[in-house]
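Inside the fold
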Amino acid sequence: MRGPAMAARMPGLSVGLLLGAALLYALPQAFESGADKRGLCATLLAGLLAFFLLEKWATLQCTRRAALATHHASDAILIGAAFSARPELGLLAALALGAHPTSRAAGEFVTLPYRSLAAAAGLACYLTLERPLAWMPHVLVLASAGFLYIALSELVPKIQQPASHRDTIVQLLLLGIGMTVVLYFAVPGTSR
């Protein structure tokens, strides 16, 4: 598996990592924290709507470079929030978000300054949220909203494109591998 064939299958791994991080780790942690469940659900809904509106705004108002900057900044903030919750979750988020190079960003050196700013935003988020806080369950839910939004709105449509039976099996295997990685490295009580 090389070049374009491998790149076409990588979204399956990213979907597995993102869905696993959101549904197997972050959301259960948030709901087990004792925080108000309705408030957490409202935060999840608000986060999903915010990511939708952010993407709409970037698409309608911004130049291509600014839209990419918005995309990279939101990725970096999600990674920072994931690191603040648990380092393993942060690494998984970075892997998942890095494993889906979008066609609009592939090979564009123009985005390098924006990516640097995005990395700085992620680091600032991590440093700000490093200590356990009372609102950490809401941060976990917002990170989950971002993971779910990216997985379901950007990546799942890529793997739903017509493909051969073999490609579909490979995508499902990669999706399963992504979820298994989350179970092994991030979910308490299931690793090592």
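These notes cover the structure that comes with them.

Okay, the overall build of the protein chain next. Tallying secondary structure elements over the protein chain gives 7 helices and 0 strands in all. In the protein chain, buried positions account for 43% of the 192 residues. Pairs at least 24 residues apart make up 82% of the contacts formed inside the protein chain by residues separated by at least 6 positions. Here the protein chain has roughly 10,500 Å² of accessible surface; of this, 69% comes from carbon and sulfur atoms.

Val15, Leu18, Leu78, Leu89 and Phe147 are the most contacted members of the largest nonpolar core, which totals 42 residues. When contributions to this core are tallied by element, the ones reaching two or more residues are helix H1 (3–32), helix H2 (37–61), helix H3 (64–85), helix H4 (87–98), helix H6 (136–159) and helix H7 (165–185).

Take the environment of Glu154 next. Mapping Glu154 onto the fold places it in helix H6. Of the residues examined, Glu154 reaches a relative accessible area of 11% and is grouped as buried. In this structure, the C-alpha to C-alpha distance between Glu154 and Pro11, residues 143 residues apart in sequence, is 9.2 Å.

What follows covers H6. Over its 24 residues, H6 extends 33 Å from the first C-alpha to the last, a length consistent with the 34 Å expected when each residue adds 1.5 Å. The sharpest bend along H6 measures roughly 30 degrees and falls at Leu152. Burial of H6 is extensive: 18 of the 24 residues sit out of reach of the surface.

Together, Leu23, Leu24 and Leu183 line one region of the surface with nonpolar side chains, adding up to about 230 Å² of accessible area. Along the polypeptide, Leu183 turns up in helix H7.

Of note, Ile159 is situated in helix H6. Placed 148 residues apart in sequence, Ile159 and Pro11 show a C-alpha to C-alpha distance of 6.7 Å.

Conventions we followed
- Starting afresh in each chain, residues are numbered from 1 along the sequence in its written order.
- This being a predicted model, a pLDDT of at least 70 is required before a residue's local features are given, and a value of 80 or more before pairs of side-chain atoms are given or counted; all residues contribute to the totals for chains, interfaces and linings.
- Hydrogens and water are ignored here; the side-chain numbers use all heavy atoms of the structure.
- To qualify as a helix, a DSSP run of H or I must reach at least 4 residues; to qualify as a strand, a run of E must reach at least 2; elements of each kind are numbered from the N terminus.
- Only protein chains enter the accessibility calculation, which uses a 1.4 Å probe; a residue is then buried when its area is under 20% of its type maximum, exposed when over 50%, and partly exposed in between.
- In what follows, residue pairs with any heavy atoms lying within 4.5 Å of each other are defined as contacts.
- For accessible areas, the Shrake-Rupley method is used with a probe of radius 1.4 Å. Any residue's cover is judged against the shown protein chains and nothing else.
- Residue types Ala, Val, Leu, Ile, Met, Phe, Trp, Tyr and Cys, when buried and joined through side-chain atoms within 4.5 Å, form a set referred to as a nonpolar core.
- To estimate how far a helix should extend, the number of its residues minus one is multiplied by 1.5 Å.
- To get the bend at any residue, fit one axis to the seven residues that end at it and another to the seven that begin at it, then take the angle between the two axes.
- Patch membership needs two things, relative accessible area over 30% and no salt bridge, and members are linked within 9 Å if like-charged or within 5 Å if nonpolar (Val, Leu, Ile, Met, Phe, Trp, Tyr).
- Take a side-chain nitrogen of Lys or Arg and a carboxyl oxygen of Asp or Glu: if they are within 4 Å of each other, that pair is a salt bridge.

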